Amino acid sequence: MIDIIALQAGLDLLFADYSTWLIVVPGILIGLLFGAVPGLQISMAMAIFLPMTLYMDFIQAMLFLTAIFTGGSFGGGIPAILMNIPGTSSSIATTFDGYPMARKGQHNLALGIALGASTISVIVGYILLLFLVKPISELVLKMGPAEMSIIVIWGITLIASLSGQHVIKGMIAGFFGLLLGTVGYGEAGVARGTLGISYLLDGIPVIPAMMGMFAASELFRLVNTKYLVDDSAARKVSISKIFSGFKSVIRYPWVLARGSLIGVLVGAVPGVGSSIANLLSYIQTKRKDPDPDSFGQGNPTGVIASEAANSSSEAGSMATLLALGIPGGGATAVMLAAFSMHNITGGPQFIREQTDIVYAIIFANFGQAFLLIILGLMFIPILANVVKVPMHYLIPSVLALAIFGSFGLTGNLSGPITVLIFSLIGWIFKRYNFSVAAAVIGLLLGGMAEESLIYSYQISGGQWSYLLERPFAILMLIMLMASLFGGRLVKFLTKKVNVNV
Amino acid sequence: MNSKKAHVFFDLIVIATIAALVAWYLYDAYSASSHIINLILVLPLSLIILSLCIIEFINRCKDNDPIIEKLEPVSSVVPVICLFILYITSLAWLGFDVGTSLFIAAFLWLHGERRLIWVLAYSIAFGFLVALFFSSMLPYPMPMLILPSQY
């Protein structure tokens, strides 16, 4: 499974010259910064710094870009925990428990947990990639629209589990979000719900909408609060607590393993990737937990599940890029550009003929994960001081930052206007107990759900028997059903057996 | 109208608004094209939401003693929302630099910060530094009044 000679050659490539590693530290720092500032995307950082890689050799260029990717994957979780702003769509699930932890004064612990889960799962993800790069790429080729539909339905099931006590309202919010996700030009080539506004032809900008729903609406609710953390004693920034949070992650090996596996497998699917991986990992962890009601209230396991999946999805997307030459998202698309700048084409031939480079990239990421621990532990205490800032300074500053970020995402004022509209919707939803998280998930999945349904319909000609020809889709459907109803079925059967005895 | 009744009344308005928006969206989508490809998700989803809205509307009407959590007073949120609307709608002509500084200064003043030098120093420093940072990072021009639009 592992080509030892190529492995040796890969390690030689990495360690023959120490200068290869010099670009990793700035790469991680750039990633952390772009991930931590809402609105600045990892792919944006990579695109901005892509021209610099022209002056590097291919291995250096890959190390630099993957360092930005690794730093950014963790960086996106920082505003999610401290400000309830998911820096990227892959950090949505981190807000569910990370932000409540911060509000309870457990910000040090939450940030440490996020760092621990991110770094460990990057390592686990790349170990999986080391052994499974070929099987993963074969798996990706088997993913058709039917399989994609099942993945999206899996994500949608989260809507029901996020509804809390107000189940019907939660479902209304989630399905309303799904519907909003279909606004704009559809596959039929007609525009829907745009009100004649040209900005809406491409649909509602999801990340600005997310910023408005999660962050701005929450800030409106906090206008009468003095500090993010009420208890002054709990506002301290403690490196020892951050470190203890970091260490505590190893007490949840199954959550980490499940999150990493989901991250690698779902992350490998082009177009779906880390946006859904963190949600699926969160749902599965919540369902398996003996106390599912504690999720959303500041359960550390929720943060681990989300961060483990979004960080390991980097390895999954790299598998698709290296083995098939297909970029799964914006960040890997920039990497593909770096490939072509160095006259290299990803794909089966690349894996076969330049295995040493593939191994070098994988091992470089192990090193990057260790460097991320050091840099993260230095970076987090500075950012954690946010909890000490009085709310009347924090609220306008974060609102303004969200507006800058949303402009950065859309390149015009449609971003800030989206934040404004969705902050109002979010505030009203929270006030009347409609689940904001369910609405955001719906918004994120709406377009994907419609697209995969249409493709399935077109390929199958509307015949359900098409599904029977897709054994992989059937397997996924069985897994989905088992995850949804398996526990209840086992409980029901055990109860019946006990009654009969 | 007591506060509980008012809350339920506005809750019903929110449910009715969502239902109305969904019905309008379905109508708009159907008017654009009645082809199955166009309605494959929109039609069933809209019908599900409308049914759920009806159920929830009836439930809320039947509930004689609803439990209402403690909420922040609307009177304290409305000025912030108005300020936020003003900030965003004025960005095109005030620019991110001046617009942000004014928004932060107004917010601080509204929330009882009376140290004028502190208000001015923080709002100008924050507004201009963040505008400078983003305009140098983003590949497209940003509306600005004083700072250059692009670096």
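Note that the structure is a prediction, hence the values are computed from the model and not measured.

Each value, and the rule that gives it
Sequence order as written defines residue numbering, which begins from 1 separately in each chain. Both sets of labels track the order of writing: A upward for chains, 1 upward for ligands. With the structure being a predicted model, the display of local features is reserved for residues of pLDDT at least 70 and the display and counting of side-chain atom pairs for 80 or more, all residues being used for whole-chain, interface and lining totals. In computing side-chain values, all of the structure's heavy atoms are included and hydrogens and water are not. In DSSP terms, a helix is any run of H or I states spanning at least four residues, a strand is any run of E spanning at least two, and both are numbered starting from the N terminus. Our radius of gyration looks at C-alpha atoms and nothing else; its globule reference is 2.2 Å times the residue count to the power 0.38. Exposure categories follow from relative accessible area, calculated using a 1.4 Å probe and restricted to protein chains: below 20% of the type maximum is buried, above 50% is exposed, and the middle band is partly exposed. Two residue types count as positive, namely Lys and Arg, and two as negative, namely Asp and Glu; His and chain ends fall outside the count. We put the charge of a Lys on NZ, of an Arg on CZ, of an Asp on CG and of a Glu on CD. Whether two residues are in contact is decided by their heavy atoms, any of which lying within 4.5 Å being enough. The method behind every accessible area is Shrake-Rupley, applied with a 1.4 Å probe, and residues are considered shielded solely by the protein chains displayed. Accessible area that two parts lose when put together, with a 1.4 Å probe and added across both, is what the buried area reports. The term salt bridge refers to a pairing of a side-chain nitrogen on Lys or Arg with a carboxyl oxygen on Asp or Glu at a separation within 4 Å. Polar contacts here mean pairs of N or O atoms no more than 3.5 Å apart (in protein, one a potential hydrogen donor and the other a potential acceptor; neighbouring residues in sequence count only if both atoms are side-chain atoms). When residues are grouped by polarity, Ala, Val, Leu, Ile, Met, Phe, Trp, Tyr, Cys and Pro land in nonpolar, Asp, Glu, Lys and Arg in charged, and all others, Gly among them, in polar. The rule is simple: put a 1 Å grid over the protein atoms alone, call a set of points where a 1.4 Å probe fits but cannot get out a cavity, call an open set with protein on both sides within 12 Å along at least five of seven lines a pocket, and count a residue as lining if it has an atom within 4 Å of a point. Grid points are joined across faces, edges and corners, and a volume is the space filled by probe spheres set on the points. Here a Phe, Tyr or Trp ring, Trp counted by its six-membered ring, pairs with any other such ring whose centre lies within 6.5 Å, and the pair is stacked when the planes are under 30 degrees apart, edge-to-face when over 60, and tilted otherwise. Expected helix span is computed as 1.5 Å times (number of residues minus one). Where a domain begins and ends is set by an automatic assignment or by a domain database. Per residue, pLDDT captures the predictor's confidence, and it can take any value from 0 to 100. Simply put, an axis is a line fit to the C-alpha atoms, just over the touching stretch for a helix, and the angle between two N-to-C directions goes from 0 to 180 degrees. Angles are sorted into four bins: roughly parallel if under 35 degrees, roughly antiparallel if over 145, roughly perpendicular if 65 to 115, and oblique for all others. Handedness of each helix crossing follows the sense of rotation of the near helix against the far helix: counterclockwise by less than a right angle gives left-handed, clockwise gives right-handed.

### Points about the overall build of chain B
Here's step 1: A tally of regular secondary structure across chain B gives five helices and zero strands.
Here's step 2: Written out in order from the N terminus, the α and β elements of chain B read α-α-α-α-α.
Here's step 3: In terms of overall size, chain B is more extended than a compact globule, its C-alpha atoms giving a radius of gyration of 23 Å where 151 residues would be expected to give roughly 15 Å.
Here's step 4: Expressed along its principal axes, the backbone C-alpha trace of chain B runs to roughly 55 × 50 × 20 Å.
Here's step 5: Considering chain B as a whole, with its 151 residues, one finds that 44% of them fall into the buried category.
Here's step 6: Averaging the locations of the 7 positively and 9 negatively charged side chains of chain B gives two centres separated by 10 Å.

### A short note on the overall build of chain A
Here's step 1: When its secondary structure is counted, chain A shows 23 helices and two strands.
Here's step 2: Its C-alpha atoms give chain A a radius of gyration of 22 Å, near enough to 23 Å, the size a compact globule of 501 residues would have.
Here's step 3: Looking at the 501 residues of chain A, the share that counts as buried comes to 63%.
Here's step 4: Here the analysis covers contacts within chain A between residues at least 6 apart in sequence; of these, 80% occur between residues at least 24 apart.
Here's step 5: Here chain A displays about 18600 Å² of accessible surface, and carbon together with sulfur accounts for 66% of that area.
Here's step 6: A gap of 16 Å separates the mean positions of the 26 positive and 22 negative side-chain charges of chain A.

### A short note on the interface of chain B and chain A
Here's step 1: Every contact between the two is made by 68 residues of chain B and, on the other side, 67 residues of chain A.
Here's step 2: For the pair chain B and chain A, the two sides together bury roughly 5900 Å², of which 80% comes from carbon and sulfur.
Here's step 3: Looking only at chain B, the three residues that lose the most surface to chain A are Y25(B), I37(B) and F84(B), adding up to 11% of its buried area.
Here's step 4: Inspection of the chain B/chain A interface yields one salt bridge.
Here's step 5: A salt bridge links D11(B) to K169(A); its shortest N-O distance comes to 2.7 Å.
Here's step 6: Counting every contact that joins chain B to chain A gives 10 residue pairs in polar contact (both at pLDDT 80 or more).
Here's step 7: Elements represented by at least two residues in the side of chain B that touches chain A include exactly helix 1 (3-32), helix 2 (36-39), helix 3 (42-62), helix 4 (74-110) and helix 5 (116-137) of chain B.
Here's step 8: With 17 residues, the top contributor of residues to the side of chain B that touches chain A is helix 4 of chain B.
Here's step 9: Broken down by class, the residue content of the side of chain B that touches chain A amounts to 51 nonpolar, nine polar and eight charged.

### A word on the pattern of salt bridges
Here's step 1: Considering all chains together, one arrives at six salt bridges over all chains under this definition.
Here's step 2: Residue R192(A) is joined to E450(A) by a salt bridge in which the shortest nitrogen-to-oxygen separation is 2.8 Å. Placement of R192(A) in strand 2 (residues 191-192) and of E450(A) in helix 21 (residues 436-460) is noted, with a sequence separation of 258 residues between them.
Here's step 3: We classify E450(A) as buried; its relative accessible area is 5%.
Here's step 4: Between R60(B) and D11(B) there is a salt bridge, with the nearest N and O atoms lying 2.7 Å from each other. A residue pair is termed long-range when its members are at least 10 positions apart, and R60(B) in helix 3 and D11(B) in helix 1 qualify at 49 residues. Judged on exposure class, the residue R60(B) and its partner D11(B) are both buried.
Here's step 5: Each of K169(A), D11(B) and R60(B) takes part in salt bridges that share partners, so that together they form one network.

### Quick word on empty space enclosed by the protein
All names here are of chain A.
Here's step 1: Inspection of every chain in the model, using the stated rule, returns one cavity of 30 Å³ or more.
Here's step 2: Contributing to the lining of the largest cavity are L82, M83, Y99, E218, L219, L228, M391, L394 and V398.
Here's step 3: Elements that contribute at least two residues to the lining of the largest cavity include exactly helix 6 (77-83), helix 11 (206-221) and helix 19 (391-410).
Here's step 4: Counting residues per element, the lining of the largest cavity draws most heavily on helix 19, at three residues.
Here's step 5: The residue inventory of the lining of the largest cavity, partitioned by class, reads eight nonpolar, no polar and one charged.

### With respect to the packing of aromatic side chains
Here's step 1: Counting across every chain of the model gives 24 aromatic pairs over all chains.
Here's step 2: Here the aromatic rings of F363(A) and F366(A) are separated by 5.3 Å at their centres, their planes lie at 85 degrees, and the arrangement is edge-to-face. Of the two residues, F363(A) and F366(A) both sit in helix 18 (residues 355-383), three residues apart, roughly one turn of that helix.
Here's step 3: Following the ring pairs from residue to residue traces out a cluster consisting of F404(A), F407(A), F96(B), F133(B), F134(B) and Y140(B).

### Observations regarding helix 5 (residues 58-75) of chain A
Residue and element names in this part refer to chain A.
Here's step 1: For helix 5, with 18 residues, the first-to-last C-alpha span of 25 Å sits near the 26 Å given by 1.5 Å per residue.
Here's step 2: Burial of helix 5 is extensive: 18 of the 18 residues sit out of reach of the surface.
Here's step 3: The backbone nitrogen of I59 lies 3.2 Å from a side-chain oxygen of the residue at the head of helix 5, namely D57.

### Here we look at the domain arrangement of chain B
Here's step 1: Along its sequence, chain B is organised into domain 1 (3-62) and domain 2 (74-137).
Here's step 2: For domain 1 of chain B versus domain 2 of chain B, the separation of C-alpha centres amounts to 37 Å.

### Some points on the environment of T17(B)
All names here are of chain B.
Here's step 1: Assignment of secondary structure puts T17 in helix 1.
Here's step 2: The partly exposed category is assigned to T17, whose relative accessible area is 39%.
Here's step 3: Taking the C-alpha atoms as reference, T17 lies 24 Å from N38; in sequence the two are 21 residues apart.

### Concerning the confidence of the model for chain B
Here's step 1: Here chain B shows a mean pLDDT of 91. Residues at 70 or above account for 99%.
Here's step 2: Looking over chain B, one finds the lowest element-wise mean pLDDT in helix 2 of chain B, namely 91, and the highest in helix 4 of chain B, namely 95.

### Topic: unusual backbone geometry
Here's step 1: At N84(A), a position not held by glycine, the phi torsion is positive, near 65 degrees.
Here's step 2: Here N84(A) is to be found in the loop between helix 6 and helix 7 (92-103).

### Describing the packing of helix 4 (residues 42-49) of chain A against helix 5 of chain A
Residues and elements named next belong to chain A.
Here's step 1: The geometry of helix 4 relative to helix 5 is characterised by a closest axis approach of 9 Å and an angle of 155 degrees between their N-to-C directions. Relative to helix 5, the element helix 4 is oriented roughly antiparallel. Seen from above, helix 4 lies across helix 5 with right-handed handedness. Residues I42, A45, M46 and F49 of helix 4 form the contact with helix 5, whose own contacting residues are F64, L65, I68, F69, G72 and S73.
Here's step 2: Split by residue class, the contact of helix 4 with helix 5 holds eight nonpolar, two polar and no charged.

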